[in-house]
Each structure stands twice: as C-alpha cells, then as structure tokens.
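# Fold and geometry: a report
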Amino acid sequence: MTDFHRIKRLPPYVFEQVNRIKAAARARGADIIDLGMGNPDLDAPRHVIEKLVETAGKPRTDRYSASKGIAGLRRAQAGYYQRRFGVSLNPETQVVATLGSKEGFANMAQAITAPGDVVLVPNPSYPIHAFGFLMAGGVIRSVPAEPTPAMFPALEKAVVHSIPKPVALVVCYPSNPTAYVASLDFYRDLVAFAKKHELILLSDLAYAEVYFDDKNPPPSVLQVPGAMDCTVEFTSLSKTFSMAGWRMGFAVGNERLLAALTRVKSYLDYGAFTPIQVAATAALNGPDDCIKEMRATYKKRRDALIESFGKAGWKLPTPEASMFAWVPIPEKFRELGSLEFSKLLLEKSDVAVAPGIGFGEHGDEYVRIALVENEQRIRQAARNVRRFFDNADRTLHNVVPMQKAV
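Note that residues are indexed from 1 along each chain, following the sequence as it is written. Predicted model: local features are reported for residues with pLDDT of at least 70 only, side-chain atom pairs are reported and counted for 80 or more only, and whole-chain, interface and lining totals are derived from all residues. With hydrogens and water excluded, all non-hydrogen atoms of the structure serve as input to the side-chain values.

Looking at an unreviewed UniProt entry, one finds the chain named Aminotransferase, with Methylorubrum rhodesianum as its source organism. UniProt positions are given in the numbering used here, feature names are shortened, and annotations may be inferred rather than shown by experiment. You can read under Cofactor (unreviewed entry) in the UniProt record for the chain the words "pyridoxal 5'-phosphate". According to the UniProt record, the Sequence similarities (unreviewed entry) comment for the chain is "Belongs to the class-I pyridoxal-phosphate-dependent aminotransferase family."

The structure is reproduced here in structure tokens:
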C-alpha cells in the first residue's frame with residue numbers, strides 16, 4: 001500500500017515539517033508570527049462579497065456549472081487582458097476558468113505530458129511547476145530562475161543535452177519564491193527561444209498586480225507578437241483580490257493547448273460554484289480601487305520588513321514585486337541549510353518562514369518571507385529575531401551541527 005507510482009515520485013513535503021512544529025508551539029500557547037505561507041490576510045473586496053451573497057440561492061445557481069467557466073466570466077477575463085496588457089483574447093477559445101492557477105497548471109501538465117517527456121523548470125520555483133509534471137509522468141530539468149540574458153546559454157545547453165528533446169518551458173514572473181520580475185524585452189527573447197526549439201511556453205502570472213513600481217507594472221508574455229502561437233499563461237484572483245480560498249483562476253492563450261486543458265478538465269470537474277464565478281466576474285469588471293489599496297498595503301509591509309529586519313542585523317533584499325522576500329540565510333547559520341534554520345528560527349524566535357529547499361535544491365541557502373502579517377507584527381517579528389541573534393552565540397554553542405536537508 002506504500003508503493004503507489006505517482007506518490008513515490010514526490011519528495012517529502014518539507015513545509016509540513018515546519019507546519020508540525022508551528023502547530024505544536026501554538027498548542028503550547030506560543031504566539032507564532034507566521035510569515036511562512038503566502039496566504040493573504042486581507043479581506044476580499046466588499047462589492048465582490050455582496051455579489052456572491054446576492055447570487056447564492058438564486059434559481060439554478062446550485063446546479064453543476066460550466067467546467068471552462070461561465071461565459072460572462074470568460075468575457076470579463078478577456079476584458080482584463082485587453083485593459084491591462086493590450087492583449088486581445090477570444091473568450092470562447094482562448095480563456096479557460098480554473099480552480100485557482102495551481103489546479104490549472106497541474107491539469108495542463110496532465111494534458112500535454114507523455115511518460116518521459118522532459119520539461120524545463122526554473123530552480124528555485126513554486127513546487128507545482130515541477131511536481132505537476134512529475135505527477136503526469138514527465139521528467140524535470142532545472143534551469144536558472146533569474147530573467148537575465150545569462151539564462152539563455154543555460155537554456156540552450158539544457159535543450160542540447162536533454163534526451164528526448166524538451167517539450168515545454170515554465171516561467172513565473174513576478175516570481176514565487178524569488179520575487180524576480182521579467183521585462184518585455186526578456187519575454188521577446190524567451191518567445192523567440194521557445195519558437196526556435198518548438199517548446200510550449202507556460203507562464204505563471206499569479207502576481208501580476210502585486211508590484212511596487214507604478215511606472216513599470218509587470219508585463220504579460222502574451223504582449224510579445226507571436227507568443228500566442230506557443231504560450232499559455234495562468235493568472236489568479238487569489239492575490240489580486242485577496243480571494244485565495246475562493247479558488248478562482250484562469251488559463252489564457254493558445255487555442256489548441258487550451259482545448260486540451262478543457263478536455264482534461266471536463267473529465268475531472270464541473271467548474272467552480274456558480275455564485276463564485278459570478279462574484280469573480282464582478283471583481284474583474286469592477287473598480288480597481290481595491291487593487292491599489294492591496295498594493296499599498298503590501299508596500300508598507302515590505303518597507304517595514306526591510307527596515308526592521310535590517311535593524312535586527314538581517315539585511316534583506318528589497319523585492320520589486322510579489323508578496324515575498326527571498327532572503328539569504330545569515331552566514332553564521334548557512335551551513336544548517338534552510339529547513340533546519342527555519343526550524344531553529346521558529347523555536348528560538350516564534351517566527352515562521354518558508355525553507356528555500358521546498359522550492360528546489362538551489363534554494364537551500366535562502367528562506368522565503370511572506371508579507372502576510374501587519375506592520376506591527378512584522379516589527380515584532382524583527383525584535384524576536386534580534387533577540388535570537390543576540391543570544392545565539394551563548395545559547396547555541398553546544399548544538400551539534402545539523403545535517404543539511406536533502
């Protein structure tokens with residue numbers, strides 16, 4: 001009963017180890033400041049909630065819905081892409097509603113992957129980017145995550161030395177976990193590379209609206225002429241409208257690829273609850289004041305994080321986008337690896353972060369810090385961390401060095 005093929009292909013879920021320690025500490029009465037999971041603590045917009053309440057219980061809304069999304073919702077997503085990116089989409093053939101971008105990504109992997117197919121995935125990257133293909137029977141080849149010209153020689157090498165030839169390339173900008181942001185020039189080169197090597201390009205744009213430079217909002221790869229020939233892009237309402245638990249996302253782009261996704265989904269689900277789809281339509285068609293307020297809130301939290309942790313002796317890179325900071329482990333603790341450091345930080349300072357090893361082996365010298373607590377709590381976390389750092393030499397001198405996570 002333990003030898004299930006797909007389960008064997010999945011490594012242990014490292015975040016669960018931190019979660020168990022966190023739960024045990026809370027059971028003892030500890031006040032844990034949880035900066036680990038990227039779970040938005042902001043409220044969904046009032047007009048969206050009101051639309052949900054208004055729709056629930058109306059005739060026919062309790063029935064099975066449309067797997068690919070109701071027509072009005074798909075039109076609303078097409079309208080968003082036109083306003084935000086200047087990209088025209090046919091809502092009938094180039095937009096599919098998904099149960100969050102994560103489900104869409106996993107089912108796209110099922111749709112396009114044959115056993116043994118090679119897929120190029122950034123390392124570090126959000127786990128579903130790799131594990132969705134592993135569960136579908138594919139093989140992962142890691143490539144660099146930073147969107148610079150230096151990525152392309154590594155991509156070329158990966159293509160040349162992969163047997164069989166890769167079928168797809170995954171990108172995610174603004175990135176989870178690294179907070180990297182791609183330029184439109186980078187996307188132009190990326191599309192050219194994908195076309196040259198006949199690759200499917202899968203873009204995760206879940207953090208499109210969480211950015212802090214108003215003059216340079218993150219672009220969509222579909223803004224590149226010809227990108228539609230080979231690209232599917234995934235977006236989500238989870239962060240944009242703080243609707244993470246509603247599970248509402250989208251896949252847009254190439255018609256043939258989306259037809260494959262639609263066919264797979266038609267066997268697996270009947271779509272999201274209709275009132276949620278109607279409320280999501282109201283979110284996309286409604287005022288954008290709530291989006292600006294969300295950005296302002298995360299920017300204040302980001303600034304509080306950088307300032308307070310810097311004063312605590314832990315200098316953090318300043319993210320330009322996303323709701324995360326991707327942070328090198330302090331030098332004196334780096335040999336522990338990210339999992340053991342995260343456990344130690346939780347035990348000694350009551351602060352939870354996400355170990356970088358959970359996003360790939362190249363993340364093991366980092367932790368991810370999420371902006372999911374208010375500024376006061378973030379500053380309290382910094383004070384806790386400072387006390388831990390100040391006392392570490394006295395309290396940890398007899399600790400046997402821990403084996404790095406594998």
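Attention now moves to the overall build of the chain. A tally of helices and strands in the chain yields 13 helices and twelve strands. Here the C-alpha atoms of the chain give a radius of gyration of 22 Å, agreeing with the 22 Å that 2.2 N^0.38 yields for 406 residues. Principal-axis analysis of the C-alpha atoms gives the chain an extent of 65 × 55 × 50 Å. Three labels apply to residues, based on accessible area from a 1.4 Å probe with only protein chains included: buried if under 20% of the type maximum, exposed if over 50%, partly exposed otherwise in between. Classification of the 406 residues of the chain by burial places 55% in the buried group. For this analysis, residues touch if any pair of their heavy atoms sits within 4.5 Å. For the chain, the proportion of contacts with a sequence separation of at least 24, taken over those separated by at least 6, is 76%. When the accessible surface of the chain is totalled, it reaches about 18500 Å², and 52% of it is carbon and sulfur. Helix and strand definitions here come from DSSP, where helices need a minimum of 4 consecutive H or I residues and strands a minimum of 2 consecutive E residues; each element is numbered from the N-terminal end. Within these notes, the globule rule equals 2.2 Å times the number of residues to the 0.38 power, and the radius of gyration is based on C-alpha atoms. Method for areas: the Shrake-Rupley scheme with a 1.4 Å probe, in which residue coverage is limited to the protein chains shown.

Here we come to the pattern of salt bridges. Any Lys or Arg side-chain nitrogen found within 4 Å of a carboxyl oxygen on Asp or Glu counts as a salt bridge. The tally for this structure, following the rule as stated, stands at 23 salt bridges. E331 serves as the salt-bridge partner of R334, at 3.1 Å between the closest nitrogen and oxygen. Of the charged contacts in the structure, one is a salt bridge between E340 and K343, with a shortest N-O distance of 3.5 Å. Of this pair, E340 and K343 are both found in helix α12 (residues 338-349), three residues apart, which corresponds to roughly one turn of the helix. Residues participating in the shared-partner salt-bridge network are K22, R26 and D34.

For this text, the term disulfide refers to a pair of cysteine sulfurs within 2.5 Å. Summed over the entire model, instances satisfying the criterion amount to zero disulfides. Of all cysteine sulfurs, the one in C230 lies closest to C172, which takes part in no disulfide; the gap is 18 Å. Judged by its relative accessible area of 5%, C172 is buried.

A pair of packed helices can be characterised by two numbers: the angle between their axes and the separation between those axes. Where helices are involved, their axes are fitted lines through C-alpha atoms of the stretch in contact, as for all axes, and angles between N-to-C directions lie from 0 to 180°. Where helix α5 (residues 100-112) meets helix α6 (residues 127-135), the closest approach of the two axes is 8 Å, and the angle between their N-to-C directions is 40°. Regarding α5 and α6, the two cross each other, and that crossing is right-handed. On α6, the residues touching K102, F105, A106, A109, Q110 and I112 of α5 are I128, H129, G132, F133 and M135. Looking at side-chain class alone, the contact of α5 with α6 contains seven nonpolar, three polar and one charged residues. The hand of a helix crossing depends on one turn: near helix anticlockwise from the far one by less than a right angle means left-handed, and clockwise means right-handed. The residue classification treats Ala, Val, Leu, Ile, Met, Phe, Trp, Tyr, Cys and Pro as nonpolar and Asp, Glu, Lys and Arg as charged. All others, Gly included, are polar.

Here we take up the UniProt feature "domain: Aminotransferase class I/classII large" (unreviewed entry) in the chain. Mapped onto the present numbering, the UniProt feature "domain: Aminotransferase class I/classII large" (unreviewed entry) falls at residues 31-383. Between the C-alpha atoms that bound residues 31-383 the distance is 14 Å, and the span itself is 40% helix and 14% strand.

Adjacent strands of a sheet form backbone hydrogen bonds with each other and so pair up, either parallel or antiparallel. Strands sit in the order β9-β12-β11 across an open sheet of three strands; the sheet is antiparallel. Two strands lie at the open edges of the sheet, namely β9 (324-328) and β11 (354-355), each paired on one side alone. DSSP bridges decide pairing: two strands pair if at least two such bridges lie between them. Here β9 runs beside strand β12 (residues 366-370); their pairing, made up of five bridges, is antiparallel. Paired with P328 across the bridge in β12 is Y366.

When two rings of Phe, Tyr or Trp (its six-membered ring) have centres within 6.5 Å they constitute a pair, described as stacked for plane angles under 30 degrees, edge-to-face for angles over 60, and tilted for the intermediate range. Tallied over the full model, the rule gives 21 aromatic pairs. Aromatic side chains W314 and F341 sit 5.7 Å apart centroid to centroid with 90° between the ring planes, which places their arrangement in the edge-to-face category. Of this pair, W314 sits in the loop between α11 (289-311) and β9 while F341 sits in helix α12, placing them 27 residues apart in sequence. Neither residue differs from the other here; W314 and F341 are each classed as buried. Pairwise contacts between aromatic rings join F309, W314, F333, F341, F388 and F389 into one cluster.

All right, on to the sheet that holds strand β8 (residues 249-253) then. Here seven strands make up an open sheet; going across it, the order is β2-β8-β7-β6-β5-β3-β4 and the pairing mixed. The open sheet has two free edges, formed respectively by β2 (95-98) and β4 (139-143), since each of these has just one partner strand. The mean inter-strand angle of the sheet, taken between neighbouring strand axes irrespective of direction, is 20°. By the bridge criterion, five bridges tie strand β3 (residues 118-122) to β4 in an arrangement that is parallel. By the bridge assignment, P122 is partnered in β4 with V143. Against the sheet, helix α7 (residues 151-160) engages β3, β4 and β5 (168-172), with an angle of about 155° to β4.

Here α5 contains 13 residues, and its C-alpha end-to-end distance of 19 Å stays within 8% of the 18 Å for a straight helix at 1.5 Å per residue. By the burial criterion, the buried members of α5 are G100, S101, E103, G104, F105, N107, M108, A109 and I112. Expected helix span is given by 1.5 Å per residue-to-residue step, counting one fewer step than there are residues.

This paragraph deals with unusual backbone geometry. P174 follows Y173 through a cis peptide bond whose omega is -5°. With respect to the helices and strands, the residue P174 is situated in the loop between β5 and α8 (184-196). With a phi angle near 75°, R60 is a residue other than glycine that sits in the positive phi range. Tracing the backbone through its elements, the reader meets R60 in the loop between α3 (46-55) and α4 (71-85). Residues other than glycine seldom take positive phi values, yet E198 does so here, at roughly 55°. For E198, the position within the fold is in the loop between α8 and β6 (200-204).

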